[in-house]
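Spelled out, the chains give:
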Amino acid sequence: MQIHNTNQTLVCENYLLTNYLPAMLKEFRSGWVIEFYVEHPETCRLVRKRIKLQRLICRYRTLREARKHINGIVTALNLKLAAGWNPFMEGNICRTTTVVDAEQQITTTNCSISAPIVTQTETSEHMVQQQKTEASEKKCEGRGDISLVNVAEIFLKDTEKNKRYDTFRTYRSFVNVFVPWMNERENNIAVSQIRRFHIIDFLEYVSNERKGRSEKMSARSYNNYISVGSAFFSWLVERCYCEDNPFRNMRKKKKEEKKRTLITPEVREKIENHLRVENPRYLLCLKLMYGGLLRPKEIRHLLVSDLSMSQAHIRVRKEVAKNGHERIVPLTEDVMLDFAELGITGANPSDYIFGKDFRTCSVRMRDNVMEKTWNNLRTKLGIPAEMQQYSFRDTGMTDMIKNGMDVLSVKQLADHHSLEMTTIYTNHADPNLPKILEAHAPQFTKKS
């Protein structure tokens, strides 16, 4: 056998064409591979060759895109096999890189094999890259066989460490619904076996069947399932537990307008008269929402040390704020008097201002207490359902703007990331609009 170097090409002459079985894409649970058989030049027997694709698949957003590219690789590989190419010849004699790229072209003439010359430097770089590839594939290999139950536990542990508590709670709620439903449908299913039709069935389940649902699920709740599910599977794809996100591009429902109206001065007066006797601490919470634009969660996490009576402000810590920004909220004289009357300033600085049962203590208030208290109050006083607890914040923003406060200051006080968000929260029905119009509307013609 002779080897000639012509036009930067290695030509292996007098080599007999080998038999082969064509390359095929095989989709195993443990990972996809391209598989083909070629005749070994020494034993004259067909030997199976495999090309692992796990690392390649992770580069694509969907399995459909990955499959399209891989089919191109298979086609190019079969053309080379039909032309007489043999990887054993290439590895033992020609010393070129292994064939895994559909764009690499190898031509054959008179049963010869042609391939680009590989310098020593290129060979070294290739070996380093190949070692990195093999290490990456070894790390991801077999992850797709892990059950959904086990992967969900890993996901929640990671989320609890790296996300805000409210975000973690949302993910945990989704996992607690999705995983049992999926496991009941297909017991101990591997995470890589979940397909888009599973997700469609799941969304139909939460929309129509879960907990004997008698009324239609809101578009907001339906869209939240899609958003959280997509985030869950994006995390799985990123860590090679699965190859595709079945929630991706799932169509969301049209958003519904928020069903909240502003709270009129008459209703606020009725609430104050009742709570001044029954629950003055909850009344102070509502005043902080209205006059300081604090969120319920921010109120529940306020510490005595956050309150400054001398400077008449209260601090919302960044770890408590929704957008992660610490801010100082000025307090009105009315609110300052309430703080003084309740004796909050003399408490332990590390205590919660509104702790268990709204008392100032070291035990934080449970998340749903304020909402339940409002619902009971609304029922007792006959307040319309459209006037929700969060409406105090919306009403406060709206009244500030109508009383002449600039929108930018309202945005900063409300801790919104944009003026557009402030507009959304102030765009609610105002029961006082007819009175405002009567008092301020211009006349079409002057009356005599």
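Just so we're clear, the structure is a prediction, and the values are computed from it rather than from any experiment. Per chain, residue numbering runs from 1 following the sequence as it is written. Totals for whole chains, interfaces and linings use all residues, but because this is a predicted model, local features are given only for residues with pLDDT of at least 70 and pairs of side-chain atoms are given and counted only at 80 or more. Derived side-chain values reflect all non-hydrogen atoms in the structure, with water molecules and hydrogen atoms excluded from consideration.

Engineer: What exactly am I supposed to notice about unusual backbone geometry here?
Structural biologist: Trans is the common state for peptide bonds, and a negative phi is the common state for residues other than glycine. Despite not being glycine, Asn188 has its phi angle at roughly 55°, a positive value. In this model, Leu293 sits at a positive phi of 55°, which is unusual for a non-glycine residue. Elements are defined by DSSP. Helices are runs of H or I of four residues or more, strands are runs of E of two residues or more, and each kind is numbered from the N terminus. Residue placement: Leu293 occurs in the loop between helix 10 (280-292) and helix 11 (296-300). Note on exposure labels: buried denotes an accessible area under 20% of the residue type's maximum, exposed denotes more than 50%, and partly exposed covers the range between, all computed with a 1.4 Å probe on protein chains only. The class of Leu293 is buried, set by a relative accessible area of 0%.

Engineer: I tried to follow the pairing of strand 4 (residues 31-39) on my own but got confused; where do I start?
Structural biologist: For a regular strand, side-chain orientation follows a simple rule: the groups alternate between the two sheet faces. Counting buried positions along strand 4 gives eight out of nine residues, so the element sits mostly inside the fold. The pairing criterion is simple: DSSP has to find at least two bridges between the two strands. Direction of pairing for strand 3 (residues 20-28) relative to strand 4: antiparallel, over a ladder of seven bridges. For Glu27, the partnering residue across the bridge sits in strand 4 and is Trp32. Relative to strand 5 (residues 46-52), strand 4 is paired through seven bridges, and the arrangement is antiparallel. Each residue of the ladder has a partner; that of Tyr37, found in strand 5, is Arg48. Counted along the chain from strand 4 to the antiparallel partner strand 5, the turn is six residues long, and its residue Cys44 has a positive phi close to 60°.

Engineer: For this particular structure, what's the right way to read the packing of helix 9 (residues 265-278) against helix 10?
Structural biologist: In helix packing, the relevant descriptors are the interaxial angle and the interaxial distance, both defined with respect to the helix axes. Running from N to C, helix 9 and helix 10 point in directions that differ by 145°, and their axes come no closer than 7 Å. Residue-level contacts link Arg268, Ile271, Glu272, Leu275, Arg276, Val277 and Glu278 of helix 9 to Pro280, Tyr282, Leu283, Leu286, Lys287 and Tyr290 of helix 10. Per-class residue counts for the contact of helix 9 with helix 10 are eight nonpolar, no polar and five charged. Where helices are involved, their axes are fitted lines through C-alpha atoms of the stretch in contact, as for all axes, and angles between N-to-C directions lie from 0 to 180°. Two residues qualify as a contact provided that any one of their heavy atoms is within 4.5 Å of a heavy atom in the partner residue. All residues other than Ala, Val, Leu, Ile, Met, Phe, Trp, Tyr, Cys, Pro, Asp, Glu, Lys and Arg, Gly among them, are scored as polar; the first ten of these are nonpolar and the last four charged.

Engineer: Looking at this structure, I do not really get the packing of aromatic side chains. What am I missing?
Structural biologist: Whether two aromatic rings pair depends on their centres lying within 6.5 Å, for rings of Phe, Tyr and Trp, where Trp uses its six-membered ring; planes under 30 degrees apart make the pair stacked, over 60 edge-to-face, and the rest tilted. Counting across every chain of the model gives 21 aromatic pairs. Between Phe178 and Phe202 the ring centres are 5.0 Å apart and the planes differ by 85°, which places this aromatic pair in the edge-to-face class. In this pair, Phe178 sits in helix 6 (residues 165-185) while Phe202 sits in helix 7 (residues 196-208), placing the two residues 24 residues apart along the sequence. By relative accessible area, which is 0% here, Phe202 ends up buried. Counted as over-ring charges are cases with an Arg CZ or a Lys NZ within 6 Å of the ring centre that also lie within 35 degrees of the ring normal. Across from the ring centre of Phe88, 5.0 Å away, lies the NZ or CZ of Lys49, which sits over that ring.

Engineer: Looking at this structure, how should I read the confidence of the model for the protein?
Structural biologist: Low pLDDT means the predicted atomic positions in that stretch should not be read closely. Across the protein, pLDDT averages 77, with 75% of residues at or above 70. A score from 0 to 100, pLDDT tells how confident the predictor is in each residue. Taken together, the stretch residues 1-17 has pLDDT below 50 and engages in 42 contacts with residues farther than four places along the chain or on a different chain. In this model, residues 133-139 is a region of pLDDT below 50 whose contacts with residues beyond four sequence positions or in other chains number four contacts.

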